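A look at the structure
Here's the letter readout for the chains.
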Amino acid sequence: MRDNVLSLRPLIVATGLVLAALTAPAHAFSDDEARKAILDLRQQVQQQNEQSQRAKLQLADQIQSLQQEVAQLRDQLELVSRQQPSAKPGAPSGSNPPGTTAGDPQEQAAYDGAMDLFRKGQYKDAAESLAAFTALYPNSQLTPSAQFYLGSSRYGMKDFKGAIEQLTNMVQKSPDNARAPDALLIIAGGQIELNNRAGAKASLQRIVRDYPNAPAAATAKSRLQLLQ
């Protein structure tokens, strides 16, 4: 409010001059002075209108740019989160991350069932199944992958805070996991959704710094350019 009053001060002064010119005795102001005051007022009004219009256009451009960034990140992260690493030849199941095997058939079946729900886009059911898997098999070699898809499911449910918390925990516990850079990419997406641009930039910079050879690093670099 104070800024608005300050910005209007020139108009108030000019208006005062006009009113003084119109109401004062004839000998107080000449016709030239009155006309000048009116012209000054018109100029002030025009300048204020132009400044207001420019500010509105700049704000609209900024909003549109941010919306485009969020949409691009959302599309990319949806693709990343639904991609499954290709299994090595001889792996017992195509659902397994590369180089991992389930401890027993029941464990594998629980993981496969949860992943099937995830692939179908049934994120709520997938999140429940994956949470149950990580609770039942905390030491499984499949647990880091299950944690990644649990966080991805929460992202798919638009539970961005939950996704960030889950994936941050996954990266902290398994920083060398093949899905760690992808987890950071989704974390950055969640931070963008929550309007935490500084946090998103930090997450993307970490991918580039800690995982320079990962496919996610190229994506992180392009996203950082958008966030400059």
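I will try to describe carefully the structure that is included in this document. Computed from a predicted model, the values in this text were never measured in an experiment. (Residues numbered from 1 in each chain as written. Predicted model: local features only at pLDDT ≥ 70, side-chain atom pairs only at ≥ 80, totals over all residues. Heavy atoms only, no water.)

This brings us to the pattern of salt bridges. Evaluated as defined, the whole model comprises five salt bridges. Here K120 and D116 are joined by a salt bridge, their closest N and O atoms 3.2 Å apart. Among the ionic pairs, D210 bridges to R209, the shortest N-O distance being 3.0 Å. We classify D210 as partly exposed; its relative accessible area is 35%. Through salt bridges with shared partners, one network takes in R206, R209 and D210. (Salt bridge = Lys/Arg side-chain N within 4 Å of Asp/Glu carboxyl O. Buried < 20%, exposed > 50% of the residue type's maximum accessible area, 1.4 Å probe, protein only.)

With their axes 7 Å apart at the nearest point, helix α5 (residues 143-156) and helix α6 (residues 160-173) run at an angle of 165 degrees to one another. By the angle between their directions, the pair α5 and α6 is classed as roughly antiparallel. Here the hand of the crossing between α5 and α6 comes out left-handed. Residues P144, Q147, F148, L150, G151, S152, R154 and Y155 of α5 form the contact with α6, whose own contacting residues are F160, G162, A163, Q166, L167, N169, M170 and K173. In terms of residue class, the contact of α5 with α6 is built from eight nonpolar, six polar and two charged. (Axes fitted to C-alpha atoms, helices over the stretch in contact; angles between N-to-C directions. Helix = DSSP H or I, 4+ residues; strand = E, 2+ residues; numbered from the N terminus. Parallel < 35°, antiparallel > 145°, perpendicular 65-115°, else oblique. Left-handed = near helix turned anticlockwise from the far one by under 90°. Contact = heavy atoms within 4.5 Å. Nonpolar A, V, L, I, M, F, W, Y, C, P; charged D, E, K, R; others polar.)

Moving on to helix α9 (residues 215-227). Here α9 spans 19 Å end to end across 13 residues, near enough to the 18 Å set by a 1.5 Å rise per residue. Those residues of α9 that fall on the buried side of the exposure criterion are A216, A217, T219, A220, R223, L224 and L227. Taken end-on, α9 shows its buried residues confined to a sector of 160 degrees, consistent with a single buried face. Residues of α9 that are exposed and angled more than 90 degrees away from the buried face: P215, A218 and Q225. (Expected span 1.5 Å × (residues − 1). Arc of directions from axis to C-beta.)

On the secondary structure map, S152 appears in helix α5. In sequence terms S152 and G162 are 10 residues apart; their C-alpha atoms lie 9.7 Å from each other.

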